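The residues making up each chain are set out below.
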Amino acid sequence: MSGTPASGTTPTGGPPSTTTAQPAVRFVDVTKTFVTGKHEVRAVDGVSLDVHAGEIFGVIGYSGAGKSTLVRLINALEKVTSGSVVVDGTDITTLGESKLRHVRAGIGMIFQQFNLMSSRTVAANVAYPLKVAGWPKEERAARVAELLEFVGIADKARQYPARLSGGQKQRVGIARALATNPKILLADEATSALDPETTQDVLALLRRVNRELGVTIVVITHEMDVVRQACHRVAVMEEGKVVELGDVYQVFSAPRHGATRRFVATALKDRPAPDVVERLRARHTGRIVTVGIDEASGSSARLTSTLRAHGVDGTVVYGGITEVAERPYGSLTVELVGPDDAVERLVADLRSFTDVVDLGTAARPLDDPSVVVHADHPEEGPDPEHRSAGAETIGPAGGVRPFGSGVFGGPGGSVGGNDPAAGRHIVDGGDER
Amino acid sequence: MSWDRLVPLLVEAFGQTMYMVLITLGVGGVAGLLLGLGLYVSRQGSFLQNSVVFNVINVAVNIVRPIPFIIFIVAIGPLTQAVVGRRIGIEAVTFAMTIMAAFVFARLVEQNLVSIDPGVIEAARAMGASPLRIIFTVLIPEALAPLILGYTFLFIGVLDMSAMAGYLGGGGLGDFAIVYGYRQYNWEVTVAVVVIIVVIVQLVQWLGNTLARKALHR
């Protein structure tokens, strides 16, 4: 999309530096309260955060956590109750309705249900925001053609939305949202109505929008996998509050809050649950250890060289390595076969550079420390009342293990003994996701 | 009375009916559309939420709509006098029909607009569209097919109202059927008028269905 103002601002995009002078969006102690009859619901409760220019910022939370309200405060579809929202240097909470319309025109938005106009063709849908912005007719046509080309549905220009698949509709939605060269794109559960494969396509398109056009994207989702694949930073919301905020890789490797742990567990299913561990011990005679794989510890190559150095055979029996924020992350559960003292030295050596969970053998089983914590509190299920309590309970274990403690460590972590998906990873070191 | 003399009278009656129906549909249709839009945009949760405007229109519609038309004509006599200058005649009847049609159509419009996906309206707001632009470029186009069917329904209702015009000396097909059919024991005249009305209704309904299908891109 040459000649567009957006392409001139941040041509390369990608993960931005944190030293950006002015945040794309700044929330300062923002509260939004809805009053329905006698009930008062605090949808957003004292949120302060910055969305950096040029990044893909994720906001994750369960339904009702306030994330959809939060994103609507950015384009003032909802007005704050208190606090201020600063968009691109302008405090929009003080603006009148007609000025707000101008601000909105500079912020694109895409939706879970696409929200295309069924009475207009694909081309007319994309042209709509240009009409609102007062573009002359000839320029509109050229811009629409360019946008449809960019999102890859140029051949559907004259179709009506009813004839399109979900993925195609969302592409139209993205083309429409980008029409007026916005600096910010808000994606409200944009992939939640799509199948897994289409979700990948749409996320890839969003990453391209960010990288090639330099558009700052705020992604609202309840799927940690979306955050894992698309976002640079993430805020975890619960009951209107931001309970955790940080670099996606850090949040994945060291989740602090209970809610974060559960979200991380849904996206990573690399660690064997207790019942899986039992079956692994029964099937394999050697010592079973789970070895963390991440960028800092130097990937699985270092595992291989360490095994060789100690003359121990290692067989991968479970695990998974995937990408988190475009960097490798995961764990491998390995059966170690060799002289007892060599295995002992090997494990000590591995511990020096990465996280190791020793699961022992069938004769001498060892428990995963985080599972012990879990077993001490059998009454703590995934019910909402225990969400925040879980963070404290698991605290020490999270500190011992530099990463991955959330996989099934947190109370109510979804990778429990009854998780059917966990079994698929047996003897699979690759990335299934 | 022979058909030689009846036919010119029938043609005149047909013309009177068309006059009443078309003016009512034109003026009442526009007024009803505006009232219906007013109801929709002012209702709770809508983008121009305003309980005063909503309640005024809502109560007015609820008062006018259930009144049998023959009683309504008489009841608004003073208003008709003030606006048209007389209480009888085709203009007086057309005035009463227009008022009634506007209130009936207001409710039909409101019902059809309610079925629009609110997400589409939110998307237009997010693009910076003004309320007026949303009304004319989102609400009406998105609800066009049901609006056409509602308008077709209104046409038939208005044709029905026009049969009462004879009571105020308004003429029309209804009056013709009463005067030259029923009162003269001329069964043929009554049947002829019924056939004409049925044909008109069929044609209009066919036209409405066709246009609605074209407007519906599913």
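These numbers were taken from a predicted model, which means no experiment stands behind them. (Residues numbered from 1 in each chain as written. Chains lettered and ligands numbered in written order. Predicted model: local features only at pLDDT ≥ 70, side-chain atom pairs only at ≥ 80, totals over all residues. Heavy atoms only, no water.)

## A few points about the confidence of the model for chain A
Residues and elements named next belong to chain A.
Working step 1: Residues with a pLDDT of 70 or more make up 79% of chain A, whose mean pLDDT is 81.
Working step 2: Counting interchain partners and residues more than four positions distant, the pLDDT-below-50 stretch residues 16–20 has six contacts.
Working step 3: Long-range and interchain partners of residues 371–433, a stretch whose pLDDT sits below 50, account for 126 contacts in this model, where long-range means more than four residues apart. (pLDDT = per-residue confidence, 0-100. Contact = heavy atoms within 4.5 Å.)

## Some words on the sheet that holds strand β5 (residues 90–91) of chain A
The strands that make up a sheet pair up through hydrogen bonds in the backbone, lying either parallel or antiparallel.
Residue and element names in this part refer to chain A.
Working step 1: Judged by pairing direction, the sheet is antiparallel, and its four strands sit side by side in the order β2-β1-β4-β5 without closing on themselves. Since the sheet does not close on itself, it has two edges, and those belong to β2 (39–51) and β5, each with one partner.
Working step 2: Two strands pair when backbone bridges link them, and strand β1 (residues 25–36) and β2 are joined in this way by nine bridges, in the antiparallel orientation. In the sheet register, Val30 faces β2, and the bridge partner there is Val47.
Working step 3: Sheet strands touched by helix α2 (residues 67–74): β1, β2 and β4 (82–87). Its angle to β1, the strand with the most contacts, is close to 120°. (Pairing = 2+ DSSP bridges. Helix = DSSP H or I, 4+ residues; strand = E, 2+ residues; numbered from the N terminus. Axes fitted to C-alpha atoms, helices over the stretch in contact; angles between N-to-C directions.)

## So, the pattern of salt bridges
All names here are of chain A.
Working step 1: Scanning the entire structure with this criterion turns up 22 salt bridges over all chains.
Working step 2: Among the salt bridges present, the one from Glu97 reaches Lys79, with a minimum N-O distance of 3.5 Å. With Glu97 in helix α3 (residues 97–105) and Lys79 in the loop between α2 and β4, this pair connects stretches of sequence that are 18 residues apart.
Working step 3: The class of Glu97 is partly exposed, set by a relative accessible area of 36%.
Working step 4: In this structure Lys79 comes out as partly exposed when scored by relative accessible area, which is 43%.
Working step 5: The shortest N-O distance in the salt bridge between Asp341 and Arg345 comes to 3.7 Å. Here Arg345 and Asp341 lie together in helix α13 (residues 340–351), a separation of four residues that amounts to about one turn.
Working step 6: By relative accessible area, Arg345 is classed as partly exposed at 47%.
Working step 7: By sharing partners, the salt bridges in this structure join Arg42, Asp45 and Lys241 into a single network. (Salt bridge = Lys/Arg side-chain N within 4 Å of Asp/Glu carboxyl O. Buried < 20%, exposed > 50% of the residue type's maximum accessible area, 1.4 Å probe, protein only.)

## Some remarks on the side chain of Arg176(A)
Working step 1: Looking at the secondary structure, you find Arg176(A) in helix α6 (residues 166–178).
Working step 2: One buried charge, Arg176(A), has no salt-bridge partner; the nearest side chain with opposite charge is Glu142(B), at 8.4 Å.
Working step 3: Here Phe114(A) takes part through its backbone oxygen, which lies 3.3 Å from a polar atom of the side chain of Arg176(A).
Working step 4: At 2.9 Å, the side chain of Arg176(A) and the backbone oxygen of Asn115(A) are in polar contact. (Lys, Arg positive; Asp, Glu negative; His and termini not counted. Polar contact = N/O pair within 3.5 Å; in protein donor to acceptor, adjacent residues only side chain to side chain.)

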